[in-house]
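# Fold and contact review
The primary structure of each chain is shown beneath.
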Amino acid sequence: MENLRIAELLKSSDFGKEVQVKGWVRTKRGNKNVAFIAINDGSGIHSIQAVVDLSKIPEEALRQVTTGACISVRGTLTQSQGQGQTVELQTSALEIIGAADETFPLQKKAHTLEFLREIAHLRPRTNTFGAILRIRHHMAMAVHHFFNERGFFYLQTPVITGSDAEGAGEMFRVTTLDLKNLPYNEDRSIDYKQDFFGRETNLTVSGQLEGELAATALGQVYTFGPTFRAENSNTPRHLAEFWMIEPEMAFHDITDNMDVAEAFLKYLIRYGLEHSKDDLEFLNTRAIEEDKNKKESERSKTTLMERLNLVAENTFKRITYTEAIAVLEKGKKFEFRPEWGKDLQKEHENFLVDHFKIPVIVTDYPKGIKAFYMKQNEDGKTVRAMDVLFPYVGEIIGGSQREENYDKLQARMKEMDIPEESLSWYLDTRRYGTCPHSGFGLGFERLILFITGMSNVRDVIPFPRTPKNADF
RNA sequence: UCCUUGGUAGCUCAGCUGGUUAGAGCACAUGACUGUUAAUCAUGGGGUCACUGGUUCGAGCCCAGUCCGAGGAGCCA
């Protein structure tokens, strides 16, 4: 007997065929003559309905068929007599693989996302998280497809890094030293020579610098791996451990960089619309239902599907930082007045996206608010940075053309007090056969946030790590 | 980290100006029901009111501290 996954069976019209399914019970209902069991095996958003004739299978056998139980059902695939589904299973045999007693926390009703976060080990069994995790998978595949099709090489950069000068945020220390009995130098500083690597090491905050090394050899590379920031950030957009995609491309200037970023985002969204249609439709409907419980002022003006299509079909607005400030000055009253030289506030970003109604790429930021490695413009004031601003999630990509001139890069590091010794290997790329190159970083969870229409990154990663939370 | 807000049954919430024995819906259990769609109907078991201390004749409610959640801000992806 064929053991098919439910997503396949639901598409089948092979009525009369004997099949077996294994999965988890979502709900059971019925009367003393017939029972209906919704079984889901994770293969898709839709469950299959097993119809149990109680004259053939005694009610006693159904006792353990409760929400959450794992069961195996054998039966005949038939056209459904009821509404609501086209295919169903006429049960001939039923087996309990793993029972779930009444303490099983998931009920056949909607739970709050906050509650589900507390039971992150069980939330994949819900429709919402099943959909999100499947979409997350397809998006990861899409990332690899996109770059592979364009001749990029997938580069695995180190998770443990000795580099502490990246300036991308607070880092998590990696050590095997006994914290209760630390070795000290004569000047009371900690003697890291006795640590595992013989030096201070941390978890990576970015694979970019290593990516640049490979780009100046392989031409076009990308990284896709976990990234760690020890910032005490408590927002729906930040995680202490998240996944980032960082392409790095030789012979690409800032415009080429924007072209790749825009094509990439559109590719990902189209890929999602194609490969995760059912799950996206489920999440779209879910968001509309959720909205009905909200106050009118808090409701979303667009649906998830509308937002996805908007991004997939429209050319992004490209604007310099200086132009953006001008737009903002004419825009409206902000809590923080836009001022040239200061970083854009969240309210400013939101205004720009609202104003143009499409994703916005802001370029050429003042050098004072950007990282040391960004290419300096001729005006002496700005650098070739670019941020891609998205509706709903804000900054989804941050990138730049890199400074490839050895002297200028070295001078900028000196200005910003970045110790040259620690990055001599990085400067070597400019010393030997340097070339213009660019790259950017895409926050994977922010992408998933946009695609799923969820509103907290903690709900789009299986096990979120945030300040005071590393359960599971 | 700052500001705002919240923590009452397994879940979602109500609980008046501080006053007798703490309320509902869902879930669960039992029963009814000839194909249900979060099935429906009836019955009834279920509470350390986040924690610690204080005010009071009396605290779920008032005060202080602590812990945890959410929203906004900063940091950023």
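Data block above holds the structure.
Quick look at the structure, then. (Residues numbered from 1 in each chain as written. Chains lettered and ligands numbered in written order. Predicted model: local features only at pLDDT ≥ 70, side-chain atom pairs only at ≥ 80, totals over all residues. Heavy atoms only, no water.)

### Points about the overall build of chain A
Counting secondary structure elements, chain A contains twelve helices and 16 strands. Based on the C-alpha atoms only, the size of chain A along its principal axes is roughly 85 × 60 × 45 Å. Put simply, chain A has 472 residues, and 48% of those count as buried. Accessible surface, chain A: about 23,900 Å² in total, of which carbon and sulfur atoms supply 49%. (Helix = DSSP H or I, 4+ residues; strand = E, 2+ residues; numbered from the N terminus. Buried < 20%, exposed > 50% of the residue type's maximum accessible area, 1.4 Å probe, protein only. Areas by Shrake-Rupley, 256 points an atom, 1.4 Å probe, with all protein chains shown as cover.)

### Focus: the sheet that holds strand E8 (residues 173–174)
Across a sheet, strands are paired by hydrogen bonds formed along the backbone, either parallel or antiparallel in direction. Across the sheet, three strands lie side by side as E7-E9-E8; this open sheet has antiparallel pairing. With partners counted over all chains shown, the strands left at the sheet margins are strand E7 (160–161) and E8, one partner each. Note: E7 against strand E9 (residues 201–203), two bridges, orientation antiparallel. Its bridge partner being in E9, Thr161 is matched across the sheet by Asn202. (Pairing = 2+ DSSP bridges.)

### So, the sheet that holds strand E5 (residues 87–98)
Read once around its circumference, the closed barrel built from five strands follows the order E1-E2-E3-E5-E4, with strand pairing classed as mixed. The sheet shows a mean angle of 55° between the axes of neighbouring strands, direction not considered. By the bridge criterion, three bridges tie strand E3 (residues 48–53) to E5 in an arrangement that is parallel. Of the residues in E5, the one forming a bridge with Gln49 is Glu88. (Axes fitted to C-alpha atoms, helices over the stretch in contact; angles between N-to-C directions.)

### What to know about the packing of helix H3 (residues 127–149) against helix H5 (residues 254–275)
Two elements in contact, H3 and H5, have axes whose closest approach is 9 Å; the angle formed by their N-to-C orientations is 135°. By the angle class used here, H3 and H5 are oblique. As H3 runs across H5, the sense of the crossing is right-handed. Contacts between H3 and H5 involve His138, Met139, Met141, Ala142, Val143, His145, Phe146, Phe147 and Glu149 from the first element and Val260, Ala263, Phe264, Tyr267, Leu268, Tyr271, Gly272 and His275 from the second. Here the residues of the contact of H3 with H5 are counted per class, giving twelve nonpolar, four polar and one charged. (Parallel < 35°, antiparallel > 145°, perpendicular 65-115°, else oblique. Left-handed = near helix turned anticlockwise from the far one by under 90°. Contact = heavy atoms within 4.5 Å. Nonpolar A, V, L, I, M, F, W, Y, C, P; charged D, E, K, R; others polar.)

### A look at the pattern of salt bridges
For the coordinates displayed, the defined rule picks out 21 salt bridges. The shortest N-O distance in the salt bridge between Asp459 and Arg117 comes to 2.6 Å. Of this pair, Asp459 sits in the segment after helix H12 (444–452) while Arg117 sits in helix H2 (residues 113–118), placing them 342 residues apart in sequence. One salt bridge connects Glu262 with Arg318, and the closest N-O pair in it is separated by 3.1 Å. (Salt bridge = Lys/Arg side-chain N within 4 Å of Asp/Glu carboxyl O.)

### What to know about the protein's contact with RNA strand B
Neighbouring residues of RNA strand B: 51 residues in total, closest Asn31, Lys109, Thr235, His238 and Arg446. A distance of 2.7 Å separates a phosphate oxygen of RNA strand B from a polar side-chain atom of Thr27. Note that a phosphate oxygen of RNA strand B is positioned 2.4 Å from one of the side-chain N or O atoms of Asn232. Of all the secondary-structure elements, those providing two or more residues to the surface near RNA strand B are strand E1 (18–30), strand E2 (34–40), E3, E5, H2, strand E11 (241–250), strand E15 (394–401) and strand E16 (437–443). Sorting elements by how many residues they give to the surface near RNA strand B places E15 first, with four residues. Class assignment of the residues belonging to the surface near RNA strand B gives a composition of eleven nonpolar, 24 polar and 16 charged. (Near = heavy atom within 4 Å. Polar contact = N/O pair within 3.5 Å; in protein donor to acceptor, adjacent residues only side chain to side chain.)

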